[in-house]
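Reading the structure
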Amino acid sequence: MARDLHVKETSSDLPLWTADFRLFFAARTTSLLGDAMLPVAITAAVIRAGYGASGVGYALAALVAPFAALIIFGGVLSDRFGARRLMVVSDTVRLCFQAVLALLFLLGTPQLWQILVLLALVGAGSALFQPGVASITPRIAQDVQKANATLRISESVTVVIGPSLAGLLLVVSSPATVVALDALTYGVSGTCLLLLRSVPMGPDARDGASSFRSDLVEGWREFRARTWLWSVIVVFMLWQLAGAGPAMTLGNSTLVTDYGASTFGLVMSSLGAGSVLGGIVAIRLRPRYPLRAGALSMTLWAFMPLGVALGLPAPLIAGCYGVSGVGMAFWIVMFHTSVQTHIPQDVLGRVHAYDAAGSLVMKPVGQAVAGPLAVVAGTVPLLCVSASMALVACALLLTIPAVRGLKRVER
């Protein structure tokens, strides 16, 4: 890996913190903070409403499922009507529906179906927002890799701070109040996006009219035409099924039951800190072959399930999670930068939507089957299989010429 990497001495000379990037960074960070706080607030609100653990499961599924199902259509709409416009619409929609949900909790005990419908609408709004992140980043940053790394650091921080902030607010206020405050983050995000100047509100000029279906097909054609892109997604589908999904389910449950909730919190904080460090590394290291270097960094993820499987002391497990965070954050920056610099701007939203949907589709399957399989095969063997999948994924990626040979593009 070291031979593939070099530090670009002039990278710090490229301006990043322009007025528009500061606005976009603020919009993205507040939106992510809201996303990180919402599951905690909803969990507390649903339990207080008397719907129990099953109600919480339904509520969280209602929030996530529409996102996974609709993000491809969000990519088409983003390219058709403009990424910034659709992101503002998304923030407005999520602000309104979540405010209604907070009001229902404030006035009494809403019906479970009301909670599920409103959360599904919030999740659908997120599917409209996400494709625009990929489309706007290369427009407002001369150094796309540095921008992605900076945004990744922000995301890692919000993942750590968001749940803790929601928990603290629940101590001094009601779940309804926290849901309402969380809704305001979408208002801040939408306001910042409205103030952007270098990104037009509408779409790029296009030759001739096109239908929704033809745009959908064109996005798929662009996605399928790039062997390096669909190959990565296929490998990640396997990794999510047999690696990340089981590791999250079995690793988290083992930490809570065998080490306690406080240790689980420490380990998650370490993972977030490692992700921040990985983002910092990605700012400085600029590999000639980004996917090759990123695939090698993925091997560090194996430390996460392996530390739990070996029953290491809590501080060592936290260290394993931190190392894993470094590797995954570096990979994510390398992959997102490759997508944003190799895909034409007019189809970027759709292509990003296809890769996001493909990357996510097998994760809930892996999470769902991990528990029943652990009963039959045992938790430790499955965690060892999960750890080995990081090495398998790296090997598979490096055997694909289009992946390991993809060169860096300065943009």
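The model shown is predicted, which means the values in this text are computed figures rather than measured ones.

Observations concerning the overall build of the protein
A tally of helices and strands in the protein yields 16 helices and 0 strands. Relative to the compact-globule value of 22 Å for 411 residues, the protein shows a C-alpha radius of gyration of 21 Å, a close match. Relative to its full complement of 411 residues, the protein shows a buried share of 51%. Carbon and sulfur atoms provide 70% of the accessible area of the protein, an area that totals close to 16900 Å². Charge-centre separation for the protein: the mean point of 28 positive side chains lies 2 Å from the mean point of 19 negative side chains.

Remarks on the side chain of Ser 154
Looking at where Ser 154 falls in the secondary structure, it is placed in helix H5 (residues 144–172). Classification of Ser 154 by relative accessible area gives buried; the value is 6%. Look past the residues within four positions of Ser 154 in its chain and what remains in contact with it is Phe 25 and Thr 29.

Here's the deal with the nonpolar core
Ranked by internal contacts, the top residues of the largest apolar core, which has 49 residues, are Trp 228, Trp 239, Trp 331 and Phe 335. Going through the elements one at a time, helix H7 (212–224), helix H8 (227–259), helix H10 (290–298), helix H11 (303–309), helix H12 (314–342), helix H13 (348–360), helix H14 (363–377) and helix H15 (379–399) are the ones with two or more residues in this core. The biggest single contributor to this core is H8, with 11 residues. Of all hydrophobic cores here, the second largest spans 23 residues; its members include Leu 38, Ala 62, Leu 63 and Val 178.

Some words on the pattern of salt bridges
Applying the stated rule across the entire model yields 9 salt bridges. Among the ionic pairs, Arg 94 bridges to Asp 91, the shortest N-O distance being 2.9 Å. Separated by 3 residues within a single helix, Arg 94 and Asp 91 lie in helix H3 (residues 83–107), roughly one turn from each other. When sorted by exposure, Arg 94 lands in the same class as Asp 91, which is buried. Across the salt bridge formed by Asp 143 and Arg 286, the nearest N and O atoms sit 2.8 Å from each other. Taken as a pair, Asp 143 in the loop between helix H4 (112–140) and H5 and Arg 286 in the loop between helix H9 (261–284) and H10 lie far apart in primary sequence, 143 residues in all. Residue classification places Asp 143 among the buried positions, given a relative accessible area of 2%. The class of Arg 286 is buried, set by a relative accessible area of 1%. A cluster of three or more residues bridged by salt bridges with shared partners is formed by Asp 79, Arg 80, Asp 215, Glu 218 and Arg 350.

Quick look at the packing of aromatic side chains
We describe a pair of aromatic rings using the distance from one ring centre to the other and the angle between the two ring planes. By the definition in use, this model includes 11 aromatic pairs. Their ring planes at 15 degrees and their centres at 5.4 Å tell us that Phe 236 and Trp 331 sit as a pair that is stacked. Remark: Trp 331 occurs in helix H12 and Phe 236 occurs in helix H8; sequence separation between them is 95 residues. Exposure class is identical for Phe 236 and Trp 331. Each is buried. With centroids separated by 5.0 Å and ring planes inclined at 75 degrees, the aromatic side chains of Trp 239 and Trp 301 adopt a geometry described as edge-to-face. Of this pair, Trp 239 sits in helix H8 while Trp 301 sits in the loop between H10 and H11, placing them 62 residues apart in sequence. Taken individually, Trp 239 and Trp 301 each receive the classification buried, so the pair is uniform in this respect. Sitting above the plane of the Phe 129 ring, Arg 94 keeps its charged end 4.8 Å from the centroid. Looking at Arg 292, its charged tip hangs above the ring of Tyr 289, at a distance of 4.1 Å from the centre.

Re the packing of H7 against H13
Between H7 and H13, the shortest axis-to-axis distance is 8 Å and the interhelical angle comes to 70 degrees. What the angle tells us is that H7 and H13 run roughly perpendicular. Crossing hand, H7 versus H13: right-handed. Across the interface between the two elements, Asp 215, Leu 216, Glu 218, Gly 219, Trp 220, Glu 222 and Phe 223 of H7 pack against Arg 350, Val 351, Tyr 354 and Asp 355 of H13.

Focus: the environment of Leu 360
Along the polypeptide, Leu 360 turns up in helix H13. With a relative accessible area of 32%, Leu 360 lands in the partly exposed category. When the C-alpha atoms of Leu 360 and Arg 22 are compared, they prove to be 29 Å apart, with 338 residues separating the residues in sequence.

Some details on the packing of H8 against H13
Closest axis-to-axis distance for the H8/H13 pair is 8 Å, and the angle between their directions is 25 degrees. Judged on the interaxial angle alone, H13 and H8 are roughly parallel. Classified by chirality, the crossing of H13 by H8 is right-handed. Where H8 approaches H13, its residues Leu 229, Ile 233, Met 237 and Gln 240 are matched on the opposing element by Val 351, Asp 355, Gly 358 and Ser 359. Broken down by class, the residue content of the contact of H8 with H13 amounts to 4 nonpolar, 3 polar and 1 charged.

Structural notes on H14
Two residues of an α-helix separated by three or four positions point the same way, owing to the 3.6 residues in each turn. Taking 1.5 Å of rise per residue, the 15 residues of H14 would be expected to cover 21 Å, and the 20 Å separating its terminal C-alpha atoms lies within 8% of that figure. At Ala 370, H14 shows its largest bend, some 35 degrees, and a proline, Pro 372, comes one to four positions later. Along H14, the residues classified as buried are Gly 366, Ala 370 and Ala 374. Its buried side turned inward, H14 meets H8 and H15. Remark: Gly 378 follows H14 within two positions and exhibits a positive phi of approximately 100 degrees.

Let's talk about the environment of Met 237
Locating Met 237 in the fold gives a position in helix H8. Look at Met 237 and you get partly exposed, because its relative accessible area is 28%. For the pair Met 237 and Ser 359, spaced 122 residues apart in sequence, the C-alpha to C-alpha distance is 5.8 Å. Those residues within four positions of Met 237 in sequence are excluded, and the remaining contacts are Gly 358, Val 361 and Met 362.

Definitions and limits used
Residues numbered from 1 in each chain as written. Predicted model: local features only at pLDDT ≥ 70, side-chain atom pairs only at ≥ 80, totals over all residues. Heavy atoms only, no water. Helix = DSSP H or I, 4+ residues; strand = E, 2+ residues; numbered from the N terminus. Rg over C-alpha atoms; globule rule 2.2 N^0.38 Å. Buried < 20%, exposed > 50% of the residue type's maximum accessible area, 1.4 Å probe, protein only. Areas by Shrake-Rupley, 256 points an atom, 1.4 Å probe, with all protein chains shown as cover. Lys, Arg positive; Asp, Glu negative; His and termini not counted. Charge placed at Lys NZ, Arg CZ, Asp CG, Glu CD. Contact = heavy atoms within 4.5 Å. Core = buried A, V, L, I, M, F, W, Y, C linked by side-chain atoms within 4.5 Å. Salt bridge = Lys/Arg side-chain N within 4 Å of Asp/Glu carboxyl O. Phe/Tyr/Trp six-rings, centres within 6.5 Å; stacked < 30°, edge-to-face > 60°. Lys NZ or Arg CZ within 6 Å of the ring centre and 35° of its normal. Axes fitted to C-alpha atoms, helices over the stretch in contact; angles between N-to-C directions. Parallel < 35°, antiparallel > 145°, perpendicular 65-115°, else oblique. Left-handed = near helix turned anticlockwise from the far one by under 90°. Nonpolar A, V, L, I, M, F, W, Y, C, P; charged D, E, K, R; others polar. Expected span 1.5 Å × (residues − 1). Bend = angle between axes of the 7 residues up to and from the residue.

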